[in-house]
Amino acid sequence: MALLCTRAHVTNRLVALGKRQTWARAASAMPDVEHEPWSPPRTPVPDYDGWDAQLEADFLPRRSTHSKSYHQSRPPVSNPRAGIVDSVLDLVGQTPMIRLTRLSKELGISDEIDLIAKCEFFNAGGSVKDRVGLRMVEEAEKDKRIKPGDTLIEPTSGNTGIGLSLAGAVKGYNVVITMPMKMSEEKMNTMKALGAEIIRTPTEAAWDAPDSHITVAAELAEASPNAHVLDQYLNAGNPLAHYDGTAEEMLRQTGGEIDVVVMAAGTGGTVTGVGRKLKEVLPHVKVVAVDPVGSILAVPDNLNDYKRLEGYQVEGIGYDFIPTVLDRNIIDSWVKIDDDKAFDMARKMIRHEGLMVGGSSGSCMAGAYEYIKEHEAELKGKRVVILCADSIRNYMSKFLADEWMEEHDLPSRFGPADGEESPAESLMSKVREKKMSGLKGALDMGWLSQSEYEAACAALEK
Ligand code: PMP
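To start, this report covers the structure provided alongside it. A quick note: this is a predicted structure, and the numbers were derived from the prediction, not measured. (Residues numbered from 1 in each chain as written. Predicted model: local features only at pLDDT ≥ 70, side-chain atom pairs only at ≥ 80, totals over all residues.)

**Describing the sheet that holds strand β6 (residues 227-229)**
In plain terms, the rule: Two strands pair under a simple rule: DSSP has to find at least two bridges between them. A run of H or I in DSSP becomes a helix once it reaches four residues, and a run of E becomes a strand once it reaches two; helices and strands are each numbered from the N terminus. Every axis corresponds to a line fitted to the C-alpha atoms, with the helix fit spanning only the stretch in contact, and the corresponding angles, defined between N-to-C directions, vary from 0 to 180 degrees.
Ordered by their spatial adjacency, 4 strands build an open sheet running β5-β4-β3-β6, and the pairing between neighbours is parallel. Whereas interior strands pair on both sides, the edge strands pair on one side only; in this sheet they are β5 (197-201) and β6. For this sheet, the mean inter-axis angle between neighbouring strands, taken without regard to orientation, is 20°. Inspection of the sheet shows strand β3 (residues 151-155) paired to β6 by 3 bridges, in the parallel sense. Bridged to Ile 153 within β6 is Val 229.

What follows is the structure, given as structure tokens:
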């Protein structure tokens with residue numbers, strides 16, 4: 001079986017496609033009759049269109065920790081980092097939460113609002129998607145649909161690919177990743193190091209185009225019964241990893257005290273899984289989702305009108321279709337964030353909190369900032385949690401580099417504000433002054449001629 005998740009709408013599409021192709025072939029056999037030229041059969045891709053009844057039916061029985069109410073008295077989870085673990089996969093999950101007091105101050109957010117980051121970049125492979133890669137493999141193993149030695153093929157913006165490659169390396173699967181050109185070389189090289197093979201696809205290809213990362217993955221999987229697409233866009237393991245993992249941890253870590261949770265959406269697995277669990281346990285929680293300008297995930301749809309489907313640089317979030325694992329009914333508010341705000345905020349998070357986050361964490365925090373500013377009065381005394389999905393490791397040659405920012409017409413705001421002297425500049429001026437005064441002394445003592453003195457001063461000025 002090529003695609004693991006065979007679904008009724010895929011089948012319908014196949015039937016329709018089959019009829020069209022039979023007609024086209026018959027027509028091409030009659031050259032005098034006007035006909036469409038024959039083209040090779042196209043591999044169908046699933047008809048993603050947001051959360052549906054079939055996914056709900058897949059999701060419910062697979063939950064491992066269904067808590068209707070949350071009790072602070074639950075036993076704490078043992079800390080895997082306190083002792084020796086059997087493999088790096090034991091270090092997926094159990095990520096820390098950090099209070100962002102310094103960033104709040106820098107942004108002028110009221111100190112009566114408790115701003116906390118769930119730091120998913122501490123996962124073993126460096127992102128929130130390690131949880132999903134591992135969970136999808138575990139679910140498929142449980143169902144006996146895959147076995148070590150098989151080939152896992154996954155279309156991804158990179159982090160799910162890293163998570164799968166990590167699980168593949170440890171458990172013994174071959175991994176083939178299809179990934180749009182836009183995504184960083186850092187991600188590609190990380191996956192290569194883990195033993196995966198990477199096929200790059202055009203960034204501009206629409207999700208269901210013949211050369212999209214999704215179609216190419218489906219096509220490859222058709223070539224062998226031992227090749228499988230676990231498909232993060234419709235695999236219940238994706239939101240389940242967050243429902244059972246990320247959200248449960250947040251509840252334990254905060255003692256159940258959360259009022260607002262802000263997450264950036266890609267497949268939507270994080271926002272759906274976390275949002276669903278938190279709302280079941282704490283019905284008052286507001287779920288805020290962040291969608292990059294250019295994407296069309298946000299609701300209402302007119303939020304997406306500005307620069308609709310135009311390209312953007314932030315990686316891992318936003319799409320031109322609605323993944324099945326995204327349940328938009330869970331979300332109370334959407335915020336649209338552009339590259340400029342995302343990267344500026346990511347740099348501020350690094351600079352003021354020492355959080356080594358990637359660009360989508362900047363989008364998430366920038367979205368949280370806009371939400372907080374709009375609801376500041378009612379949020380006093382409340383706790384807002386943001387989720388930081390990945391780290392700068394994935395973007396060392398991208399938004400971390402001033403040259404890249406300039407090349408992409410994005411403001412690079414590291415260092416002092418315009419006209420301000422930096423600490424290093426101030427120290428250098430002091431050293432220069434001291435040397436100048438030494439030279440002046442040497443001139444006064446007659447140890448230097450006037451011209452030697454002037455040449456030495458000019459050299460120092462440089
Ligand atoms: N940020 C980054 C950097 C990601 O790679 C992803 C996953 N594509 C997300 C956020 C969003 O996660 P999800 O797919 O669960 O919506």
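**Overview of the site of the ligand**
Cut-off, in case you're wondering: For each residue, a C-beta position is placed from the backbone atoms; the residue is near a molecule or strand when that point lies within 6 Å of it. Nonpolar residues are Ala, Val, Leu, Ile, Met, Phe, Trp, Tyr, Cys and Pro. Charged residues are Asp, Glu, Lys and Arg, and all others, Gly as well, are polar. Boundary definitions for the domains trace back to an automatic or database domain assignment.
Taken together, 18 residues surround the ligand, and among them Gly 266, Thr 270, Gly 316, Ser 360 and Ala 389 come closest. The residue makeup of the shell around the ligand, split by class, is 4 nonpolar, 11 polar and 3 charged. Each of domain 1 (53-74 + 87-126 + 238-407) and domain 2 (129-229) gives at least three residues to the shell around the ligand.

**Some thoughts on unusual backbone geometry**
Each neighbour pair has its own omega, and for Val 299 with Pro 300 the value is 0°, a cis peptide bond. Examined against the element boundaries, Pro 300 turns out to sit in the loop between β8 (286-292) and β9 (333-337). One non-glycine residue, Asp 231, lies in the positive phi region at around 60°. Take Asp 231: it is sitting in the loop between β6 and α8 (237-254). In this model, Leu 309 sits at a positive phi of 60°, which is unusual for a non-glycine residue.

**Let's talk about the nonpolar core**
Heads up, the rule is: To form a nonpolar core, buried Ala, Val, Leu, Ile, Met, Phe, Trp, Tyr and Cys residues must be joined through C-beta atoms within 7 Å. Here a residue counts as buried when 20 or more other C-beta atoms sit within 10 Å of its C-beta, as exposed when there are 12 or fewer, and as partly exposed otherwise, the C-beta atoms being derived from the backbone. The contact criterion used here is simple: two residues whose C-beta atoms, placed from the backbone, lie within 7 Å are in contact.
Of all hydrophobic cores here, the largest spans 109 residues; its most connected members are Val 262, Met 263, Cys 364, Ala 368, Ile 386 and Cys 388. With 7 residues, helix α11 (residues 359-374) is the largest single contributor of residues to this core. Other than its neighbours up to four places away in sequence, Ala 368 contacts Val 262, Val 288, Val 384 and Ile 386.

**Notes on the pairing of β9**
Among the 5 residues of β9, 4 are classified as buried, and the element is accordingly described as predominantly covered. In this sheet, β9 lies alongside β8 in parallel orientation, the contact comprising 5 bridges. From the neighbouring strand, Val 288 faces β9, where its bridge partner is Ser 333.

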